[in-house]
Amino acid sequence: MLRALDLCCCAGGATKGLQMAGYHVTGVGIRPQPHYIGDRFIQASALDVDVDGYDLIWASPPCQAFSELTPMERRGDHLDLIDPIRQRLQAQLAPWIMENVEGAKAKLRSPVMLCGTMFGMNIWRHRWFELGNCDPFFLLPPCNHTGHPVLISGVTRRKGVPRRENVQSEKMAAIGIDWMITKELDEAIPPAYSKFLAEQIQQAAAEQDVSV
């Protein structure tokens, strides 16, 4: 069975998508994750855990330093682990994916953006992905920002009037996650994103094997 490592896994939004793509997933987190959905959990720093021996490595460095939900004056209080985690990933041979919010786009190298509407989901949830040690080729439809998407975190305003915040059950149904509490859901990516990218990497590897 294919083995994946999910660094900074939290409760496992990315992990679930990797499982759906056929991976046995080990999650890594600096704090306990009682709701983690993966096959194995290691409490450790992403900068210290052994990353060798996996078929795919996923990394979601903390996003608070770049998130629009973090007040500008407080962003410097949060860790930026993008560069040190990249250095670790580049030192091994497995394909890898590093994910973060739109505010971190400038720190990621040739990133790919995914939006929930690309997958027929009623969320936007833009996330950016840097891919390493792999060369998949895929086409994505444009975002379809019409209507009123379900907000997983935060509250948007239109013409100065706050929109209704969706209840937990609506958020879970929209993002495809049913095992997390509110705080965990606020930070999660849709499993559809990680499933899609993992499958693209698998397909690229299979095509390369055939052409050799």
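Residues numbered from 1 in each chain as written. Predicted model: local features only at pLDDT ≥ 70, side-chain atom pairs only at ≥ 80, totals over all residues. Heavy atoms only, no water.

Chemist: Would you mind showing me how to read the overall build of the protein here?
Modeler: Within the protein, the secondary structure is distributed over 5 helices and 9 strands. Going from N to C terminus, the protein has its helices and strands arranged as β-α-β-β-β-α-β-β-β-β-β-α-α-α. Going through the 212 residues of the protein one by one, you find that 47% of them count as buried. Within the protein, counting contacts between residues at least 6 apart in sequence, those at least 24 apart form 57% of the total. As displayed, the protein offers around 11000 Å² of accessible surface, 53% of which is attributable to carbon and sulfur atoms. (Helix = DSSP H or I, 4+ residues; strand = E, 2+ residues; numbered from the N terminus. Buried < 20%, exposed > 50% of the residue type's maximum accessible area, 1.4 Å probe, protein only. Contact = heavy atoms within 4.5 Å. Areas by Shrake-Rupley, 256 points an atom, 1.4 Å probe, with all protein chains shown as cover.)

Chemist: Hey, could you run me through the sheet that holds strand β5 (residues 96-100) in this one?
Modeler: Sheets are built from strands that pair by backbone hydrogen bonding, the pairs being arranged parallel or antiparallel. In space, the 7 strands of this open sheet follow the order β3-β2-β1-β4-β5-β7-β6, with mixed pairing throughout. Pairing within the sheet leaves two strands with one partner each, and these edge strands are β3 (40-43) and β6 (112-114). On average, adjacent strands in this sheet sit at an angle of 20° to one another, irrespective of strand direction. In terms of strand pairing, strand β1 (residues 2-7) meets strand β4 (residues 56-59) through 4 bridges, oriented parallel. Among the inter-strand pairings, A4 is bridged to a residue of β4, identified as L56. Along the sheet face, helix α1 (residues 13-20) touches β1, β2 (23-29) and β4 and points at about 165° away from the line of β2. Against the sheet, helix α2 (residues 82-90) contacts β1, β4, β5 and β7 (127-132), and its axis sits at roughly 170° relative to β5. (Pairing = 2+ DSSP bridges. Axes fitted to C-alpha atoms, helices over the stretch in contact; angles between N-to-C directions.)

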